[in-house]
Amino acid sequence: MRIGIGYDVHRFSPDRKLILGGVEIPHEKGLLGHSDADVLLHAIADSLLGAACLGDIGRHFPDTDPVYKGISSLVLLGKAAGFVREKGYEIENIDATVVAQRPKLAPYIDRMKKNIAMCIGASEDCINIKATTTEYLGFEGKEEGISSHSICLLKERMSSDVD
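Every value quoted in this text rests on a predicted model; they were computed, and no experiment measured them.

> Got a sec to walk through the packing of helix H3 (residues 73–86) against helix H4 (residues 109–120)? Specific residues and values, please.
Following both chains from N to C, one finds H3 and H4 inclined at 45°, their axes separated by 8 Å at the closest point. Looking at the two axes, H3 sits oblique to H4. Along this stretch, H3 crosses H4, giving a crossing that reads as right-handed. From H3, Leu74, Leu77, Gly78, Ala81 and Arg85 reach across to H4, where they touch Asn115, Ile116, Cys119 and Ile120. Of the residues assigned to the contact of H3 with H4, the class counts are 6 nonpolar, 2 polar and 1 charged.

Here it is as structure tokens:
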């Protein structure tokens, strides 16, 4: 078994869509980034890559590469999950938290879980997404940006489980 931790932050920016967990969420600002800036999926990808000792999201999908300009983070997460499988691991579970003062995310969490499960080829039962505020403290509380934390557990595939 292997455990990985991921963390990501993006600042708010006007004229951008707010995408979290592959879901477009109505809000007056989106997140600034080279890709779609989906802070939740970036944290999850980093936790998966970390658990498999494969570096981080920036190593595999650098923001200096024009190929990734505006790309859906669902694509990046799917590739990260593929790297994990290629190394001989299966995703046992993911637990992630989005930290944002606004907007309220509870109405979107089920869709986020469904997107993530489909993207990584796992059951929704092994994915937990939470949202919290900071009670107006810090950059999230001042609505300057959003952060996300993720932890995952990988298990080594049995030789009979290998594709």
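> An account of helix H1 (residues 39–51) is needed here, citing residue identities and associated values.
Here H1 is 13 residues long and its end C-alpha atoms lie 18 Å apart, about the 18 Å a rise of 1.5 Å per residue gives. Most of H1 sits out of view: 12 of its 13 residues are buried. Among the residues making up H1, those that are buried are Val39, Leu40, Leu41, His42, Ala43, Ile44, Ala45, Asp46, Ser47, Leu48, Leu49 and Ala51. Phi for Cys53, located one or two positions after H1, is positive at around 55°.

What counts, and where the lines are drawn
- Residues numbered from 1 in each chain as written.
- Predicted model: local features only at pLDDT ≥ 70, side-chain atom pairs only at ≥ 80, totals over all residues.
- Heavy atoms only, no water.
- Axes fitted to C-alpha atoms, helices over the stretch in contact; angles between N-to-C directions.
- Helix = DSSP H or I, 4+ residues; strand = E, 2+ residues; numbered from the N terminus.
- Parallel < 35°, antiparallel > 145°, perpendicular 65-115°, else oblique.
- Left-handed = near helix turned anticlockwise from the far one by under 90°.
- Contact = heavy atoms within 4.5 Å.
- Nonpolar A, V, L, I, M, F, W, Y, C, P; charged D, E, K, R; others polar.
- Expected span 1.5 Å × (residues − 1).
- Buried < 20%, exposed > 50% of the residue type's maximum accessible area, 1.4 Å probe, protein only.

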